[in-house]
Amino acid sequence: MKAVKLLLWILCLHIVSLAVKIVLAGHKTTHATFGVPCPHCGCGDDWEGEFFPGIPKIKYEGPSSKNPLAFKWYNAQEDILGKKMKDWMRFSVAFWHTFRGTGGDPFGAPTKMWPWEDGTNSVAMAKRRMRANFEFIDKLGVDFWCFHDRDIAPDGKTLEESNANLDEVVALAKELQGRKIRPLWGTAQLFMHPRYMHGAATSSELGVYAYGAAQVKKAIEVTHFLGGENYVFWGGREGYQTLLNTDMERELNHMARFLEAAVAYKKKIGFNGTLLIEPKPQEPTKHQYDWDAATTANFLRKYGLAGEFKLNIECNHATLSGHSCHHELETARINGLLGNIDANTGDPQIGWDTDQFLTDIGEATMVMLSVVRNGGLAPGGFNFDAKLRRESTDVEDLFIAHVSGMDTLARGLRNVAKLIEDGSLDELVLKRYQSFDSELGALVEAGKADFELLEKKAMEWGEPKVPSAKQELAEMIFQSAL
């Protein structure tokens, strides 16, 4: 019996020694380890020390810097075109991609599990992630973050339990935010749970419609509590797979009533943030009702909601709908609906929503042309709805990706400043339409030129001379600024 006790005692010492070694090794690594629960992460929120050891606060070092953890083009306090760079950009970290992204895809299992993860979706783990989120934001040097309700706190068995979970995590977020940091926007996740397989606002089941409304109500409340400046509706399941079993008119009417109720509740609780709709043509549904900016603008006008909502344009969604990001931004802008930008891009060879960080300088310059023409995005901004590639598994990759995305858009802003200072591109466009800068042109644009008058002028002038559009010159001028 004594021998058995001695063996058990030796075994326990060995296990303790091994655990200590694992703990020490775990604090040194910055590599994501999938499938290996964090050995020093218990059931409580007991993480000690930094989440990102060895990562300094990101500073501006200028274009000549070779430091991957430094800004080369984004200088937050620098004045460009009459505003500080940080006020043009209003950069935001997306909680879901940054802290809930696993690298999984339809063909493969997750490839990363960050060192602070314990393999659970508990409230304690949610609170630990929130602490990591604010350390990341602080080191990156941004003032905003974005979230879905179910990304920051786990679903409960009942709506009441889900709300309680969310309240507990949000209370910590409020404490960690301080007075400087706040959500650029919040939203409700109405697409992942099986109850939403037919949609939420467009579900054929009244019980699901009511549940979705309750979830949005709570999400608006917590966004307001955290000082959020906007609230987003992304209807990933608000559409159809086939029209054979769909009453499209009834579903669109239901969606409008849902959004009207959101407007009424926002006003009731005194939330002054902007309500945003994020267009996307498809995926996961075959056809999503807010297909693109023009479709969504028409929906808002039809139901008298144009004065209550603006658009959150995502660049990858633009290309999925067959447009460029610049096209979608201009469509939103000229309709007075440009409210926010989800800064990402897709891969033209793949054709689905890959949510990559935007690194194309030309595209970034066109994006910033729209932003500058809009006078900025406030109270919106740029949210990095972008994720690391499946094969990028080091913790520092989170910082490198965001630094690259921020620098790309900052470089785009600097290029726009060059184009405006040069003036050649603006002059080319003005010259192209100069025939309308005439007495008759003014009448046309004022809606006072009838067909009889125009016919008279056409007969008087004869066959019109049509000048060159100078597309190649416009492209040359644009490229010269890059």
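The name given to the chain in an unreviewed UniProt entry is Xylose isomerase, and the organism recorded there is Rhododendron simsii. Taken from UniProt, the Sequence similarities (unreviewed entry) comment for the chain reads in full: "Belongs to the xylose isomerase family." UniProt, in the comment section headed Catalytic activity (unreviewed entry), describes the chain in these words: "alpha-D-xylose = alpha-D-xylulofuranose".

Between Glu283 and Pro284 the backbone carries a cis peptide bond, its omega angle lying at 20°. On the secondary structure map, Pro284 appears in the loop between strand S10 (274–277) and strand S11 (287–288). In this model, Ala378 is joined to Pro379 through a cis peptide bond whose omega is 10°. Along the chain, Pro379 turns up in the loop between helix H12 (361–373) and strand S14 (382–384).

Here Asp355 shows up in the loop between strand S13 (338–342) and H12. This buried residue, Asp355, is left without a salt bridge; Lys387 holds the nearest opposite charge, at 4.8 Å. If near-sequence neighbours (up to four positions away) are discounted, Asp355 is found in contact with His97, Glu314, Asn316, Asn344, Thr345, Asp385, Ala386, Lys387 and Arg389.

Our focus in this paragraph is helix H7 (residues 206–225). The end-to-end C-alpha distance of H7, which contains 20 residues, comes to 29 Å, matching closely the 28 Å that a straight helix rising 1.5 Å per residue would cover. Check the buried side of H7 and you find it contacts strand S6 (144–148), helix H5 (149–152), helix H6 (159–177), strand S7 (182–187), strand S8 (230–233) and helix H8 (248–268). The first or second residue beyond H7 is Gly227, which carries a positive phi of 80°.

As a further point, take the domain arrangement of the chain. Each assigned domain of the chain is listed with its residue range as follows: domain 1 (76–422) and domain 2 (424–481). Its C-alpha centre places domain 1 at a distance of 39 Å from the equivalent point of domain 2. The interface of domain 1 with domain 2 comprises eight residues on the first partner and four residues on the second. For the pair domain 1 and domain 2, the two sides together bury roughly 630 Å², of which 61% comes from carbon and sulfur. At the junction of domain 1 with domain 2, the criterion picks out zero salt bridges. At the surface where domain 1 touches domain 2, the tally comes to two residue pairs in polar contact (both at pLDDT 80 or more). Sorting the residues of the side of domain 1 that touches domain 2 by element identifies H12 and helix H13 (395–422) as the ones contributing at least two each. A breakdown of the residues in the side of domain 1 that touches domain 2 according to their chemical character gives three nonpolar, three polar and two charged.

Within this structure, the stated rule accounts for three cavities of 30 Å³ or more. Of all the secondary structure elements, the ones that give two or more residues to the lining of the largest cavity are S8, H8 and helix H9 (293–302). Broken down by element, the lining of the largest cavity gets its largest block of residues, four residues, from H8. Its residues assigned to classes, the lining of the largest cavity shows 16 nonpolar, three polar and two charged.

Structurally, a disulfide amounts to a covalent bond that connects the sulfur atoms of two cysteines. With the rule as written, the count across this model stands at one disulfide. Here Cys315 connects covalently by a disulfide to Cys325, the sulfurs 2.2 Å from one another. Measuring handedness by torsion sign, the sulfur bridge of Cys315 and Cys325 sits at about -50° and is left-handed. Of this pair, Cys315 sits in helix H10 (residues 315–320) while Cys325 sits in helix H11 (residues 325–334), and the two are ten residues apart along the sequence. Overall, Cys325 belongs to the buried group, its relative accessible area being 3%.

In terms of nonpolar packing, the biggest core is built from 114 residues, with Phe52, Trp116, Trp145, Ile152, Phe233, Phe382 and Leu409 touching the most fellow members. The element that contributes the greatest number of residues to this core is H13, accounting for twelve residues. Taken domain by domain, the makeup of this core includes at least three residues from each of domain 1 (76–422) and domain 2 (424–481). In contact with Ile152, not counting residues within four places along its chain, are Phe95, Ala126, Met130, Trp145, Phe147, Leu166, Val169 and Val170. Judged by nonpolar contacts, the second largest core, of eight residues, contains Trp96, Cys146, Trp185 and Val232.

The next thing to look at is the layout of surface pockets. Taken as a whole, the largest pocket holds about 1,500 Å³ of empty space. Lining the largest pocket are 48 residues, and of these His97, Phe191, Met192, Asp355 and Lys387 lie nearest its centre. Sort the elements by how many residues they give to the lining of the largest pocket and helix H3 (residues 95–100) lands first, with four residues. Split by residue class, the lining of the largest pocket holds 14 nonpolar, 14 polar and 20 charged.

Turning our eyes to something else, we now look at the packing of H11 against H12. At a minimum axis distance of 9 Å, the contact between H11 and H12 shows a crossing angle of 5°. Comparing the axis directions of H11 and H12 gives the class roughly parallel. Where H11 approaches H12, its residues Cys325, His326, Leu329, Glu330 and Arg333 are matched on the opposing element by Glu363, Met366, Val367, Leu369, Ser370 and Arg373. A breakdown of the residues in the contact of H11 with H12 according to their chemical character gives five nonpolar, two polar and four charged.

Rules used in this analysis
Residues numbered from 1 in each chain as written. Predicted model: local features only at pLDDT ≥ 70, side-chain atom pairs only at ≥ 80, totals over all residues. Heavy atoms only, no water. UniProt positions renumbered as here; feature names shortened; annotations may be inferred. Helix = DSSP H or I, 4+ residues; strand = E, 2+ residues; numbered from the N terminus. Buried < 20%, exposed > 50% of the residue type's maximum accessible area, 1.4 Å probe, protein only. Lys, Arg positive; Asp, Glu negative; His and termini not counted. Salt bridge = Lys/Arg side-chain N within 4 Å of Asp/Glu carboxyl O. Contact = heavy atoms within 4.5 Å. Expected span 1.5 Å × (residues − 1). Domains from an automatic or database assignment. Buried area = accessible area lost by both parts, 1.4 Å probe. Polar contact = N/O pair within 3.5 Å; in protein donor to acceptor, adjacent residues only side chain to side chain. Nonpolar A, V, L, I, M, F, W, Y, C, P; charged D, E, K, R; others polar. 1 Å grid on protein atoms, 1.4 Å probe; cavity = no way out; pocket = protein on both sides within 12 Å on 5 of 7 lines; lining within 4 Å. Points joined across faces, edges and corners; volume = space filled by probe spheres on them. Disulfide = S-S within 2.5 Å. Core = buried A, V, L, I, M, F, W, Y, C linked by side-chain atoms within 4.5 Å. Axes fitted to C-alpha atoms, helices over the stretch in contact; angles between N-to-C directions. Parallel < 35°, antiparallel > 145°, perpendicular 65-115°, else oblique.

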